[in-house]
Amino acid sequence: RFAEDPEFRERVCDAQLAVRKDVSVGHDGGGMKVVVAMVQATQGIPGFARKFVGDEIEMVQTERWSDMENAVIDVVIPGKPGHMTGTATLREEAGTTTETVAMEIKVNIPLVGGRIESLIADLLRKALRAENSVGRDFLSGS
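These lines cover the structure that appears in this document, whether it is placed above or below. (Residues numbered from 1 in each chain as written. Predicted model: local features only at pLDDT ≥ 70, side-chain atom pairs only at ≥ 80, totals over all residues. Heavy atoms only, no water.)

Examining the overall build of the chain
And step 1. When helices and strands are tallied, the chain shows three helices and six strands.
And step 2. Mapped in sequence order, the helices and strands of the chain form the string α-β-β-α-β-β-β-β-α.
And step 3. Taken over the C-alpha atoms alone, the chain extends approximately 45 × 30 × 30 Å along its principal axes.
And step 4. For the chain, with 142 residues in total, the buried portion stands at 35%.
And step 5. A separation threshold of at least 6 residues defines the contact pool for the chain, and within that pool the share at least 24 residues apart is 35%.
And step 6. Looking at the chain as shown, the accessible area adds up to about 8600 Å², and 51% of this sits on carbon and sulfur atoms.
And step 7. The averaged location of the 22 negative side-chain charges in the chain is 7 Å from the averaged location of its 17 positive side-chain charges. (Helix = DSSP H or I, 4+ residues; strand = E, 2+ residues; numbered from the N terminus. Buried < 20%, exposed > 50% of the residue type's maximum accessible area, 1.4 Å probe, protein only. Contact = heavy atoms within 4.5 Å. Areas by Shrake-Rupley, 256 points an atom, 1.4 Å probe, with all protein chains shown as cover. Lys, Arg positive; Asp, Glu negative; His and termini not counted. Charge placed at Lys NZ, Arg CZ, Asp CG, Glu CD.)

Listed below in structure tokens is the structure:
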């Protein structure tokens, strides 16, 4: 249930070195809607990608949880030709909960779109590792 806690979401943004963040969590019909708008510096991003996004990159992640185990995720980069869509599922077995995230990444920029998609996939993996680490600390009361 910590996933619906705005403090948890803010800690995840902090772990990803967000420059600015805005988190909202609320009801969405019979489920829950989480919106995380985050701005990160683009230090460390290759020059070919930085030329398209600038010194900072804003991402808006919207999660629509139909129940406590299944969500549809949409991530946009406002004003930029890219987006991610996918799902998150949580499954508990023998006292262990596993989150599975499946995302499709699309960047509509000729010639470098595929390279940027690969870069975004790497950033997404790092973000999920940060969320996992923060989640473990959050659950342990740290």
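Side note on unusual backbone geometry
And step 1. Here the phi dihedral of Leu 17 falls at roughly 60 degrees; this positive angle occurs in a residue that is not glycine.
And step 2. Position of Leu 17 among the secondary structure elements: in the loop between helix 1 (6–15) and strand 1 (18–28).
And step 3. Although it is not a glycine, Ala 94 adopts a positive phi angle of roughly 55 degrees.
And step 4. Within the secondary structure layout, Ala 94 lies in the loop between strand 5 (82–93) and strand 6 (96–107).

Comments concerning helix 1
And step 1. Buried within helix 1 are the following residues: Phe 8, Arg 9, Val 12 and Cys 13. When helix 1 is viewed along its axis, its buried side chains cluster within an angular range of 145 degrees and face the same direction.
And step 2. For helix 1, the secondary structure elements touched by its buried residues are strand 1, strand 2 (31–41), strand 3 (56–65) and helix 3 (113–140).
And step 3. N-capping of helix 1 is provided by Asp 5, with a side-chain oxygen placed 2.8 Å from the backbone N of Glu 7. (Arc of directions from axis to C-beta. Polar contact = N/O pair within 3.5 Å; in protein donor to acceptor, adjacent residues only side chain to side chain.)

Details of helix 3
And step 1. When the terminal C-alpha atoms of helix 3 are compared, their 40 Å separation across 28 residues agrees well with the 40 Å that a helix rising 1.5 Å per residue should span.
And step 2. In the segment just after helix 3, Gly 141 is the residue with positive phi, at about 90 degrees. (Expected span 1.5 Å × (residues − 1).)

Notes on the environment of Arg 11
And step 1. Inspection of the secondary structure puts Arg 11 in helix 1.
And step 2. You can call Arg 11 partly exposed: its relative accessible area is 30%.
And step 3. C-alpha separation for the pair Arg 11 and Glu 117, spaced 106 residues apart in sequence, amounts to 26 Å.

As for the nonpolar core
And step 1. In terms of nonpolar packing, the biggest core is built from 27 residues, with Trp 65, Met 84, Ile 116 and Ile 120 touching the most fellow members.
And step 2. With five residues, helix 3 is the largest single contributor of residues to this core. (Core = buried A, V, L, I, M, F, W, Y, C linked by side-chain atoms within 4.5 Å.)

Concerning the pairing of strand 1
And step 1. Here strand 1 pairs with strand 2 via ten bridges, running antiparallel. Bridging from a neighbouring strand, His 27 pairs with Met 32 of strand 2. (Pairing = 2+ DSSP bridges.)

Let's talk about the sheet that holds strand 6
As a general point, the strands of a sheet are linked pairwise by backbone hydrogen bonds and lie either parallel or antiparallel.
And step 1. The strand order across the open sheet formed by six strands is 1-2-3-4-5-6, and the pairing between neighbours is antiparallel. The strands lining the two open edges of the sheet, one partner per strand, are strand 1 and strand 6. Looking at each pair of strands side by side, their axes are set apart by 15 degrees on average, direction ignored.
And step 2. Here seven bridges tie strand 4 (residues 70–76) to strand 5, and the two strands are oriented antiparallel to one another. Looking across to strand 5, one finds that Ala 71 is bridged to Ala 88.
And step 3. Its contacts with the sheet put helix 1 on strand 1, strand 2 and strand 3, and the angle it makes with strand 1 is roughly 155 degrees.
And step 4. Docked against the sheet, helix 3 engages strand 5 and strand 6, running at close to 160 degrees with respect to strand 6. (Axes fitted to C-alpha atoms, helices over the stretch in contact; angles between N-to-C directions.)

Distances and angles like these do not, on their own, reveal function.
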